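# Summary of the model geometry
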Amino acid sequence: MINKLAASELVLNDDGSVYHLNLLPEDIADKVLLVGDPDRVPKVSKFFDTVEIKKNKREFYTHTGTLRGERITVMSTGIGTENIDIVMNELDALVNIDLKEKEFKKNHKALQLFRMGTCGSVNPDIEVNNMLVTQNVVGLDGLLHFYQDYQFENEFSKNFLEKFPYERIKPMLYFADWAEELSALYSDAKYKGNTATFPGFYAPQGRQLRLKALDDQFLETLNDLGISNFEMETSAIYGLSKLLGHKAITVNCVIANRRRGEFASDHHASEKMMIEWVLDRVIQ
């Protein structure tokens, strides 16, 4: 493996920070909360005891501070696995690459990554305004197929692949699961489930405006295959964490049940509940 990286491979800003996140190594903690919406970052950091870093570029906003004596970072990723590809690689570069020398560090550092999001459920038995932790995830976006060394298989993935009926989509599928050592932090979540990460909000999630979706029964079929909920980021977070040697876990507040046509009456209150629930468990 080539240890010295070309300038075109590891792009830096004029101040030496990583290109998209606009961060230096000292700007992040070992525990990183990942949220999608940039507006959610201050909603999280307002619970910190101190905030020492506030930086942003494009949709990537980062606040780092302390909570109950421990350093912690919250960062927005924007929407989609393509953004997660940027976030995960640049976070890893901050801790495992010498940015000045553009060389890999000898000693690997593993970050703990906690995704906080909202999701819709395809399981009619799952109630809104409850926490759902992702154990297994299937990505329908194809991202991890661009990485040479990625391989993952377990009972969930084997059963899902065997029964998945959509041959046009099947080549894009990849799988991952949680960092089991972090799962005890969320042991009291009401639901533990299998998540589908979609590459879009409309047809991939079964919505139809002027364009018809592939199949009117797509969500029902996924539920029959063991999927409990869906969102747009977790497969890339879990898969890239495994490749890069980090630990990741996702908790979503269920704000919609698509099978029952239900939506949380106050999703802002649901969001606040999720933030407090996660912070109470990540920093004890």
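Please read all numbers here as calculations on a predicted model, not as lab measurements.

## Concerning the overall build of the chain
Secondary structure assignment for the chain yields seven helices and 13 strands. For 284 residues, the compact-globule formula gives about 19 Å, and the C-alpha radius of gyration of the chain, at 19 Å, lands near that figure. Across its three principal axes, the chain shows a C-alpha extent of roughly 50 × 40 × 40 Å. By residue count, 54% of the 284 residues in the chain fall in the buried class. Residue pairs at least 24 apart in sequence account for 78% of intrachain contacts in the chain once pairs closer than 6 positions are excluded.

## Digging into helix 7 (residues 267-282)
Along an α-helix, residues three or four positions apart point the same way, because every turn accommodates 3.6 residues. Taking 1.5 Å as the rise per residue, helix 7 with 16 residues should run 22 Å; its terminal C-alpha atoms sit 22 Å apart, in good agreement. Turning to helix 7, its buried residues number three or more, namely S270, E271, M274, I275, W277, V278, L279, R281 and V282. At the N-terminal boundary of helix 7, the capping side chain belongs to D266, with an oxygen 3.2 Å from the backbone nitrogen of H268.

## Side note on the pairing of strand 10 (residues 191-197)
Of all seven residues in strand 10, six are buried; the element is thus mostly enclosed. Note: strand 10 against strand 11 (residues 229-231), three bridges, orientation parallel. Paired with T197 across the bridge in strand 11 is E231.

## Observations regarding the nonpolar core
Core analysis: the biggest nonpolar cluster contains 61 residues, and L33, V44, L91, Y186 and V278 have the highest contact counts within it. Top element by residues in this core is helix 2 (residues 81-96). It accounts for seven residues. Among all residues touching L33, those that are not within four sequence positions of it are V44, I72, T73, V74, M75, F114, M116, V278, L279 and V282. Residues V138, L173, F218 and L219 belong to the second largest nonpolar core, which totals 18 residues.

## Re the pattern of salt bridges
Counting across every chain of the model gives 16 salt bridges. Residue D27 pairs with K55 through a salt bridge whose shortest N-O separation is 2.7 Å. Pair noted here: D27 is in the segment before strand 1 (31-35) and K55 is in strand 2 (residues 50-57), with a separation of 28 residues, a long-range link. Under the relative-accessibility criterion, D27 is labelled buried at 3%. Classification of K55 as partly exposed rests on a relative accessible area of 22%. Taking the shortest distance from any N to any O, the salt bridge between K43 and E271 comes out at 2.9 Å. Taken as a pair, K43 in helix 1 (residues 40-45) and E271 in helix 7 lie far apart in primary sequence, 228 residues in all. Note on E271: relative accessible area 8%, which makes it buried. One network of salt bridges, in which partners are shared, links R40, K43 and E271.

## As for the pairing of strand 8 (residues 131-139)
Among the nine residues in strand 8, eight count as buried, and that is most of the element. Sheet analysis places strand 8 next to strand 12 (residues 247-257), joined by three bridges and oriented antiparallel. When the bridges of strand 12 are listed, M131 appears paired with C253. Pairing of strand 8 with strand 10 involves seven bridges; the strand directions are parallel.

## Things to note about the packing of helix 2 against helix 6 (residues 234-244)
Across the interface, helix 2 lies against helix 6 with an axial gap of 9 Å and an inter-helix angle of 30°. Taken as axis vectors, helix 2 and helix 6 run roughly parallel relative to one another. For helix 2 against helix 6, the interelement crossing comes out right-handed. Between helix 2, through T81, I84, D85, M88 and D92, and helix 6, the contact on the second element is made entirely by S235, A236, I237, L240, S241 and L244. Along the lines of polarity and charge, the residues of the contact of helix 2 with helix 6 split into six nonpolar, three polar and two charged.

What counts and how
Residues numbered from 1 in each chain as written. Predicted model: local features only at pLDDT ≥ 70, side-chain atom pairs only at ≥ 80, totals over all residues. Heavy atoms only, no water. Helix = DSSP H or I, 4+ residues; strand = E, 2+ residues; numbered from the N terminus. Rg over C-alpha atoms; globule rule 2.2 N^0.38 Å. Buried < 20%, exposed > 50% of the residue type's maximum accessible area, 1.4 Å probe, protein only. Contact = heavy atoms within 4.5 Å. Expected span 1.5 Å × (residues − 1). Polar contact = N/O pair within 3.5 Å; in protein donor to acceptor, adjacent residues only side chain to side chain. Pairing = 2+ DSSP bridges. Core = buried A, V, L, I, M, F, W, Y, C linked by side-chain atoms within 4.5 Å. Salt bridge = Lys/Arg side-chain N within 4 Å of Asp/Glu carboxyl O. Axes fitted to C-alpha atoms, helices over the stretch in contact; angles between N-to-C directions. Parallel < 35°, antiparallel > 145°, perpendicular 65-115°, else oblique. Left-handed = near helix turned anticlockwise from the far one by under 90°. Nonpolar A, V, L, I, M, F, W, Y, C, P; charged D, E, K, R; others polar.

These figures capture arrangement, not role.
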